[in-house]
Every structure is written in structure tokens, then in C-alpha cells.
Amino acid sequence: VGLVARTYYALGDFRTPVRISIAMLVLNVGLNLVFVRLAGMDVDGLALATALTSWGSLILLLPGLHKKLHLPRCQTAFVGPLARMVLAAAVSGAASLGAEALLVDLLGRALALMSAIGVGVVTYAVMAHSLRVPEAEAVRRRLTRRRST
């Protein structure tokens, strides 16, 4: 969001990002109240509200920037790899969550969290490789090239 807003500023448009930021700030306060007061969430509610409003800002800012910069439409070749990355990330997140839940009583909170992060990284790497995510293949080629030199 910061990068997109700075791009607007560089193009001389100060009003659009400020207006959207104000709207998202008001929405964030409202969501904070809903999540903390009504839903009984604690810090999780504050984080969720912030994440939702950040995504909202990005979703509102990008189309205008797309027009201002005269960018081409999204290529359909982009959708397939993106879907595979999202799937790999979802499986990785689920594996991390499961690992943390299984290990917290055995290792304690800090070690379980570190282990869950490791499980998530390995799961994402395996999923990205098996789903043939182009960026994962590029990283694999680069690593094997370095090892051979």
C-alpha cells in the first residue's frame, strides 16, 4: 500500500491516496470496535481489522493507478501460477498451524512456533516444486547452479 500510495504522489495525485487512507482509517476504527467489543476478540481482532483495511486500501488504489500508468490488462498466464502459489501457501499455513498445535504441549510455545515455521517453509517448498510454480523452479535452478560451481 505504501509503495502504491507513493506512486500516486510521484504522479502528482495527493488527494486519491489521502481520501482512501481516511476512509480506511474510519473503517479500521469501526472494525476494531466490532471485533474487540462485539466479537470478543483481543489483539487478533485489531490485527484482523488492520489487515482487512490494508487490503481494502490496496484494492481501491490499484485500479486508478492502472489507469494513470496506462498498464496493460492482466495476462491470463498470470492466473495459473498465482493459483498454484495460493494453494501452496494455504497448504503450508495449514501444515504450520497443525505442527504448532501438535508440538506446543511437547516443546513449549517458543520451540513449537519455531518448528511450525520450519514445517511451513519446507511444506511450501515441496508444494511449490510439486505444483511447478515457476518462481520455485527458478530458485531451484539457481541453487543447483551455485552448488555446481
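The shown structure was predicted, so the numbers you read here are calculated from the model rather than taken from an experiment. (Residues numbered from 1 in each chain as written. Predicted model: local features only at pLDDT ≥ 70, side-chain atom pairs only at ≥ 80, totals over all residues. Heavy atoms only, no water.)

### Quick look at the overall build of the protein
Then comes step 1: Looking only at helices and strands, the protein features six helices and zero strands.
Then comes step 2: Reading the protein from its N end, one meets helices and strands in the order α-α-α-α-α-α.
Then comes step 3: The C-alpha atoms of the protein give a radius of gyration of 20 Å, which is well past the 15 Å a tight globule of 149 residues would have.
Then comes step 4: Principal axes of the C-alpha set define a box for the protein whose edges measure 50 × 45 × 25 Å.
Then comes step 5: Within the protein, buried positions represent 22% of all 149 residues. (Helix = DSSP H or I, 4+ residues; strand = E, 2+ residues; numbered from the N terminus. Rg over C-alpha atoms; globule rule 2.2 N^0.38 Å. Buried < 20%, exposed > 50% of the residue type's maximum accessible area, 1.4 Å probe, protein only.)

### Quick notes on the nonpolar core
Then comes step 1: One finds Val 4, Tyr 8, Ile 20, Met 24, Leu 58, Leu 61 and Leu 65 forming the largest nonpolar core, which totals seven residues.
Then comes step 2: Among the elements of the structure, helix H1 (2–10), helix H2 (15–38) and helix H3 (43–68) are those that each provide at least two residues to this core.
Then comes step 3: Setting aside residues up to four positions removed in sequence, Tyr 8 forms contacts with Asp 13, Thr 16, Pro 17, Leu 61, Gly 64, Leu 65 and Lys 68. (Core = buried A, V, L, I, M, F, W, Y, C linked by side-chain atoms within 4.5 Å. Contact = heavy atoms within 4.5 Å.)

### Re the pattern of salt bridges
Then comes step 1: Tallied over the full model, the rule gives three salt bridges.
Then comes step 2: A salt bridge links Arg 109 to Glu 100; its shortest N-O distance comes to 3.5 Å.
Then comes step 3: Glu 137 is the salt-bridge partner of Arg 140, the closest N and O atoms lying 3.2 Å from each other. Placement of the pair is Arg 140 and Glu 137 together in helix H6 (residues 134–148), with a separation of three residues, close to one helical turn.
Then comes step 4: Take Glu 137: its relative accessible area is 16%, and that puts it in the buried class. (Salt bridge = Lys/Arg side-chain N within 4 Å of Asp/Glu carboxyl O.)

The values are spatial; any link to function lies outside them.
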